[in-house]
Amino acid sequence: MGTILISSTYLMLILSCVESCFLLRSLYVIVPEIIPPGYQVAKVETISCDAKSVQLTVKDPSFTIKSDGAVVALTSVSVGEGGQTFSVSARDNSGLERKMEVHLVRSTMPKRHRRGQGSLNRSKRRACRFPTSVVENYEGNYPILLEKMVSDPSASHDMYFTIEGEGVDTYPTGVFSMDRDTGDLLLLKAVDREEFQEYNFVVRAFDKHTNAELRYFPLTVIVDDVNDNAPEFVGPLQLTVPEHCSAGTVVGVVSATDRDQIGTNHVKIKYTLVSGSDMFTIHPETGVITTTTNTLDRELKDNHVVTVKIQDMNGAPNGLFATSTATIALSDINDNPPTFMKSSYNVTVQENESEKLLLRIPVQDKDSIKTSNWMSKFVITKGNENGNFRIVTDPQTNEGLLYISKPLDYEKTNDVQLLITAQNVASLNGSSATWRSIPVNVNVEKVDAGSVSFGLLGIMTMLCPVVLLLMLFLLLAFFCLTKREKFQLNEPGNTGRIPLISNIEVPGDSAVRNGSKWEQKGNTQTISFTSKVQRMWLCNWLYQMLQ
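A few points on the structure. What you see is a predicted model, and the numbers here were worked out from it, not measured in a lab.

Attention shifts here to the overall build of the protein chain. Helix and strand content of the protein chain: four helices and 40 strands. Out of the 547 residues belonging to the protein chain, those deemed buried represent 40%. Residue pairs at least 24 apart in sequence account for 67% of intrachain contacts in the protein chain once pairs closer than 6 positions are excluded. In the structure as shown, the protein chain presents an accessible area of about 30,900 Å², 52% of it carried by carbon and sulfur atoms.

In structure tokens form, the structure reads like this:
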């Protein structure tokens, strides 16, 4: 039988805790150049398979496999320098098929060395590269024998071995070692495929007597994956979809990743909804969430929380899983028109009034506040043919403000019937509702002709005559006082003249005051101002008023 480079006994221990009915991924076997019929090439070991139900098959017609896993040549097989590869598969009652690649490596031992059937050629030659594998995270006893460099123990008496490379003398160190005398490759501790997927190093064989290098082996140890990492969610689970969208609308995608080996069932994730499946569904392979109904209403419930489960092994019971909640927010559409809080309004305005706020009209809107779906826009749809009214929206309260913009005439119109419609800035969408209207009755009051309006115009009308009279009075007072004269009345018989005594014509020490009159002691000098006084009677009157 050919020499099996991997110690299947120890690998069986490593793999026994991984999965049911497991096969090694690859097997390298050294065989002679010509394999005769009946030659047992290798023995395939199955792990945790039902021995009674497992079916082993080989894909190469030149070989057959027995129920105990022995691979035997049916015909003579010539193995070239590049080797030969075929596959072996195992299937049990679970229905899962496991495959192993068997690599036949032609022996390079010279025929003349009878004793050294298992020894190395005593010339410096590069041997074939023999990959081997080890399962990650094995929790058994260490060290574990992985591979033998020679199959005949007696051949190692003439040589010794060295090893260098990853896992030995370069980072991470202390993972592998080799027995100097036997060439046994040992695994010293557990390895993690998610840290290092493979280790590459070189084995050299030297002559014990001459220290001459005989051969060197580039070796690769591949770390086989086990399903030791549960899938993980990637990115935030915050999704948004418009309310009242049709069934089948895409809400968003749930993304997940798995650190295990790509291309295996260990990273094949199945998505399911644990909750929320009454309104949403998720694609089991892509993680795309879609709606299942068109009745999502933001005004009833603006957020929906669903629980998502991700499980590797394509959702098999032995797969690892994780759960998380995704929040689906409903975005607003304008499916609710503004509604009035009363059925009608009555308001009174006096004729000839203008630019006066008559009425504040509040409305309610269920849509999202401070958006175009909520902001109201009021329109006078009837009764304002002459443009006497205008209506605007209060941006803070969203109320309609009705103003009288042009005065009304009671004799022409004493009652106005307005129809006001409340709309939104945005158009209605996703609803059969229509814009709503409300009647507003404007009663015009008559203003009496004799009554004075105490508005700005009325006040100006009242004050104008008073101001004019006051200005005339002040002007007259200024004119009279500038004369700087005081007058005295005498009664000189019936002459009909009013003689006045000027204070500047009376000697300063001889004039005396008698009540309201000036008298001259001694000779009285009388000056006649008859015509002048007649013209200045207003000044005399003004002087009397000032006294």
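Once you've had a look at it, read on.
Within the largest apolar cluster, 24 residues are counted, with the highest numbers of intra-cluster contacts made by F176, L185, L187, F201 and V203. Looking at this core, the elements that each hand over two or more residues are β13 (144-148), β14 (159-165), β15 (176-178), β16 (184-187), β17 (198-207) and β18 (213-224). In terms of residue count, the dominant contributor to this core is β18 (five residues). If we skip the residues at most four places from it in the chain, F176 touches L146, E166, G167, V168, L185, L186, L187, L188, Y199, F201 and V221.

Reading across the sheet, the three strands line up as β13-β16-β15 and stay open at both edges, with antiparallel pairing between neighbours. Two strands in the sheet have a free side with no partner beyond their single neighbour: β13 and β15. Ignoring strand direction, the axes of neighbouring strands in this sheet form an average angle of 25°. Bridge count for β15 against β16 is three bridges, and the pairing is antiparallel. Across the sheet, the residue bridging to M178 is L185, located in β16.

Another point: the sheet that holds strand β30 (residues 356-361). Sheets are built from strands that pair by backbone hydrogen bonding, the pairs being arranged parallel or antiparallel. Taken in spatial order, the three strands of this open sheet run β30-β34-β33, and their pairing is antiparallel. Looking along the sheet, the strands with just one partner apiece sit at the ends: β30 and β33 (389-393). Strand-to-strand twist of the sheet, defined as the mean angle between neighbouring strand axes without regard to direction, takes the value 25°. Alignment of β30 against strand β34 (residues 400-404), held across five bridges, turns out to be antiparallel. Within the sheet, the bridge partner assigned to R360 lies in β34 and is L401.

It is worth spelling out a nonpolar patch on the surface at this point. On the surface, a cluster of nonpolar side chains totalling about 490 Å² of accessible area is made up of M462, L463, V467, L468 and M471. Turning to its location among the elements, L468 is positioned in helix α2 (residues 456-481).

This part takes up the side chain of S376. Structurally, the position occupied by S376 is in strand β32 (residues 376-382). Contact partners of S376, with chain neighbours within four places excluded, come to P338, V363, T393, N398, Q423 and N424.

What counts, and where the lines are drawn
- Residues numbered from 1 in each chain as written.
- Predicted model: local features only at pLDDT ≥ 70, side-chain atom pairs only at ≥ 80, totals over all residues.
- Heavy atoms only, no water.
- Helix = DSSP H or I, 4+ residues; strand = E, 2+ residues; numbered from the N terminus.
- Buried < 20%, exposed > 50% of the residue type's maximum accessible area, 1.4 Å probe, protein only.
- Contact = heavy atoms within 4.5 Å.
- Areas by Shrake-Rupley, 256 points an atom, 1.4 Å probe, with all protein chains shown as cover.
- Core = buried A, V, L, I, M, F, W, Y, C linked by side-chain atoms within 4.5 Å.
- Pairing = 2+ DSSP bridges.
- Axes fitted to C-alpha atoms, helices over the stretch in contact; angles between N-to-C directions.
- Patch = residues over 30% accessible without salt bridge, like charges linked within 9 Å, V, L, I, M, F, W, Y side chains within 5 Å.
- Salt bridge = Lys/Arg side-chain N within 4 Å of Asp/Glu carboxyl O.

Scope: geometric values only; no functional claims are made or implied.
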